[in-house]
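Working through the structure, step by step
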Amino acid sequence: MAADMPTTFFGWVVFIINQYGSALLQGAGVTLMLAIVGTLIGCIIGLLVGIVQTVPVTERTNTGLKILNKIVQFIFAAYVEIFRGTPMIVQAMVVYYGSMAVFDIDMSAMLAGFLVVSVNTGAYMAETVRGGIISIDKGQTEAAMAIGMNHFQTMYTVVLPQALKNIMPQIGNNLIINIKDTSVLNVISVTELYFASKSAAGVYYRYFEVFFVTCVIYFIMTFAASRLLRYFEKRMAGSADYQLVGDPMADPTGIFPNNTKMGGK
Amino acid sequence: MATAKKQPILEVKHLVKYFGEREILKDIDFTVEQGNVISVIGASGSGKSTMLRCINLLEMPTSGEIVFEGKNILDLSNNIALYRTKVGMVFQSFNLFSNMTVLQNCMASPVTVLKRKKEEARQIAMKYLEKVGMEQYINARPDQLSGGQKQRVAIARALAIKPQILLFDEPTSALDPQMVGEVLGVMRELAEEGLTMIIVTHEMAFARDVSTRVIYMADGVIVEDGTPQEVFGNPKNEKTKDFLARFTQNA
């Protein structure tokens, strides 16, 4: 056996890819799943928290609602501060072992992983969404209210579509951060890419070679995510020009024939 | 002009508005009758815009009453959103929804607020876009239009809720001079059709020629309220005279 061992760096890399390639790819799959699902659920949490945090309270709001609003705001603010203010690696330990010790819930490491990533992302997204909402020109809200929309309708049809478009880069940022940061879940033995790499490296004590491969896999995932999100951003921006709709008065000489492309930037 | 028998559709009574310690509106009183075209003129900071914004409750009055069709809309029991569908607003900065096309902007209220069917809402929107001469641009986004075009779309959007009163907050102040005409033209047409309008404006010629009534405001009070002939031709108050004199000099 020993005689067959590779002697060069690239020899080792090839050897490791042959031996542990599928294990590493499986780990990468888990990483990607954790990151994508965590970011998605995190976005939903963040959206809800962010929206509630920007509900306006006016003189006309009745007292009961005002009190309820205060309580909910306090809870959400606490949530955001606590989960932004503690490391995810520590949150993973507390959630995984704490759920067992305190609530007697035997959570799988994977479930704990999803939970921690989602809740953590949610805390960051809440702030992002809040920022996205308050960055929308007040005139947009006023115009919506002036044509009779209530707060919910204004949010749903006018403010959120614009805010979401503006925070798309930040959502992408979070996805990329999550792809990398799910590596901390190895402490609760979630078999994501880092965990798989550590196991593989331990067998032959080839840490550098294994983690070089790991590095490349992480980069491919984040780079692909980054490009994909850029593509979606572009699509959301819409086309740069527009079509004039048929005009019976259009210039008969054909200098400006119907449906010519016009305008745009 | 002022026929006392006519039932006013809007009555503003003792309207007071504070921003913090500053009293912006001091006891504003006036009534609007069906078909009135009221121009509100006055220097910047005189409270014109605030008064207009108080009328459709974008600013909450500190005290006073706003009576619309016999009901004080400041009563907590009244549905503000419903009231706003009857009192439209056109803004200085257009405020077209930038996530929607021209057509979607005009369909937003019929669909979302009035719960009309898409096809019906489209017809309503097209009708008013044709009125303002923007029917060709239904697929454009607001940022692809000129200022004058945006304001015309904004007027169509406001008309699409079929308001009983339309409020204009300096509708031409953000426009390049060559675009003012197209917007004023649309407004003039609406006035001739009998739409009740309150227009905060610096366009003195328009106020003089198109309005049925002119209100001059200074320092948060209504100084003069009368027909264009009265206010422009024979102002009673010194402040009004000064203000108008400065304007005719500049013109």
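Residues numbered from 1 in each chain as written. Chains lettered and ligands numbered in written order. Predicted model: local features only at pLDDT ≥ 70, side-chain atom pairs only at ≥ 80, totals over all residues. Heavy atoms only, no water.

Below, the discussion takes up the overall build of chain A. Tallying secondary structure elements over chain A gives eight helices and two strands in all. Ordered by position from N to C terminus, the α and β elements of chain A give α-α-α-α-α-α-α-α-β-β. Its C-alpha atoms give chain A a radius of gyration of 26 Å, more than 25% over the compact-globule value 18 Å for 265 residues. Taking the principal axes of its C-alpha atoms as reference, chain A extends roughly 85 × 65 × 25 Å. (Helix = DSSP H or I, 4+ residues; strand = E, 2+ residues; numbered from the N terminus. Rg over C-alpha atoms; globule rule 2.2 N^0.38 Å.)

This part takes up the overall build of chain B. A count of helical and extended segments in chain B gives nine helices and 10 strands. Here the C-alpha atoms of chain B give a radius of gyration of 18 Å, agreeing with the 18 Å that 2.2 N^0.38 yields for 251 residues. Projected onto its principal axes, the C-alpha coordinates of chain B cover approximately 55 × 45 × 40 Å. The 251 residues of chain B split such that 57% are buried. In chain B, 66% of the contacts between residues at least 6 apart in sequence involve partners at least 24 apart. Looking at chain B as shown, the accessible area adds up to about 10,800 Å², and 47% of this sits on carbon and sulfur atoms. Between the mean site of the 30 positive side-chain charges and the mean site of the 30 negative ones, chain B shows a separation of 5 Å. (Buried < 20%, exposed > 50% of the residue type's maximum accessible area, 1.4 Å probe, protein only. Contact = heavy atoms within 4.5 Å. Areas by Shrake-Rupley, 256 points an atom, 1.4 Å probe, with all protein chains shown as cover. Lys, Arg positive; Asp, Glu negative; His and termini not counted. Charge placed at Lys NZ, Arg CZ, Asp CG, Glu CD.)

To continue, consider the packing of helix H3 (residues 102-113) of chain B against helix H5 (residues 147-159) of chain B. Residues and elements named next belong to chain B. Two elements in contact, H3 and H5, have axes whose closest approach is 8 Å; the angle formed by their N-to-C orientations is 25°. The orientation of H3 relative to H5 falls into the category roughly parallel. Between H3 and H5 lies a crossing of right-handed hand. Two secondary-structure elements touch here, H3 through Val102, Asn105 and Cys106 and H5 through Val153, Ala156 and Arg157. Here the residues of the contact of H3 with H5 sort into four nonpolar, one polar and one charged. (Axes fitted to C-alpha atoms, helices over the stretch in contact; angles between N-to-C directions. Parallel < 35°, antiparallel > 145°, perpendicular 65-115°, else oblique. Left-handed = near helix turned anticlockwise from the far one by under 90°. Nonpolar A, V, L, I, M, F, W, Y, C, P; charged D, E, K, R; others polar.)

We now examine the UniProt feature "domain: ABC transmembrane type-1" (unreviewed entry) in chain A. Annotation from UniProt places "domain: ABC transmembrane type-1" (unreviewed entry) at residues 28-229 of chain A. Here residues 28-229 of chain A runs as 81% helix and 0% strand, with 19 Å between its end C-alpha atoms. (UniProt positions renumbered as here; feature names shortened; annotations may be inferred.)

Together, Ile89, Val90, Met93, Val94, Tyr97 and Val187 of chain A give the surface a local cluster of nonpolar side chains, amounting to about 480 Å² of exposed area. Checked against the element boundaries, Tyr97 of chain A lands in helix H3 (residues 88-101). (Patch = residues over 30% accessible without salt bridge, like charges linked within 9 Å, V, L, I, M, F, W, Y side chains within 5 Å. Salt bridge = Lys/Arg side-chain N within 4 Å of Asp/Glu carboxyl O.)

Quick look at the UniProt feature "transmembrane region" (unreviewed entry) in chain A now. Residue and element names in this part refer to chain A. Per the UniProt entry, the sites bearing "transmembrane region" (unreviewed entry) are residues 32-52, 94-117 and 204-226 in this numbering. Between the C-alpha atoms that bound residues 94-117 there is a distance of 13 Å. The span itself is 71% helix and 0% strand. Helix makes up 91% of residues 204-226 and strand makes up 0%, while its end C-alpha atoms are separated by 34 Å.

Note: strands within a sheet are paired through backbone hydrogen bonds, in either parallel or antiparallel orientation. All names here are of chain B. The sheet built from six strands is open, its strands ordered S6-S7-S8-S3-S9-S10 with mixed pairing. Looking at the sheet topology across the chains shown, the edges are occupied by strand S6 (87-90) and strand S10 (221-226). On average, each strand axis in the sheet is tilted by 20° relative to the strand beside it, whichever way the strands run. One ladder, built from four bridges, connects strand S3 (residues 37-42) with strand S8 (residues 196-200); its direction is parallel. Residue pairing for S8: Val40 is matched across the bridge by Val200. Helix-sheet contacts for H5 involve S6 and strand S7 (165-169), and the interaxial angle to S6 is about 170°. Packed on one face of the sheet, helix H6 (residues 177-192) meets S3, S7 and S8 and runs near 145° to S8. (Pairing = 2+ DSSP bridges.)

Residues and elements named next belong to chain B. Relative to strand S4 (residues 63-68), strand S1 (residues 8-19) is paired through five bridges, and the arrangement is antiparallel. Among the inter-strand pairings, Val12 is bridged to a residue of S4, identified as Ile66. Across two bridges, S4 lies against strand S5 (residues 71-72) in antiparallel orientation. For Phe68, the partnering residue across the bridge sits in S5 and is Lys71. Between S4 and S5, which pair antiparallel one after the other, the connecting turn spans two residues, and Glu69 there sits at a positive phi close to 50°.

Further remarks concern unusual backbone geometry. Not every positive phi belongs to a glycine, and Ser189 of chain A is a case in point at roughly 50°. Relative to the helices and strands, Ser189 of chain A resides in the loop between helix H6 (151-181) and helix H7 (193-204). In this model, Leu57 of chain B sits at a positive phi of 65°, which is unusual for a non-glycine residue. Here Leu57 of chain B shows up in the loop between helix H1 (48-55) and S4. A relative accessible area of 3% means that Leu57 of chain B is categorised as buried.

This paragraph deals with the packing of aromatic side chains. Residues and elements named next belong to chain A. Under the criterion given, the structure shown has 17 aromatic pairs over all chains. Where Phe9 meets Phe212, the ring centres are 5.3 Å apart and the plane angle is 70°; that geometry is what we call edge-to-face. Of this pair, Phe9 sits in helix H1 (residues 9-53) while Phe212 sits in helix H8 (residues 207-237); the two residues are 203 residues apart in sequence, bridging distant segments of the chain. On the accessibility criterion, Phe9 (23% relative accessible area) is partly exposed. (Phe/Tyr/Trp six-rings, centres within 6.5 Å; stacked < 30°, edge-to-face > 60°.)

Here we come to the interface of chain B and chain A. On the chain A side, the residues contacting the 40 residues of chain B number 31 residues. Buried area between chain B and chain A, summed over both chains or domains, comes out near 2,800 Å², and the portion from carbon and sulfur atoms is 55%. Ranking the residues of chain B by area buried against chain A places Phe97, Gln136 and Gln144 of chain B at the top, with a combined share of 22%. The tally of links from chain B across to chain A stands at one salt bridge. With a shortest N-O distance of 2.5 Å, Glu142 of chain A and Arg53 of chain B are connected by a salt bridge. Counting every contact that joins chain B to chain A gives nine residue pairs in polar contact (both at pLDDT 80 or more). Within the residue set of the side of chain B that touches chain A, elements represented by two or more residues are helix H2 (80-84), S6 and H3 of chain B. (Buried area = accessible area lost by both parts, 1.4 Å probe. Polar contact = N/O pair within 3.5 Å; in protein donor to acceptor, adjacent residues only side chain to side chain.)

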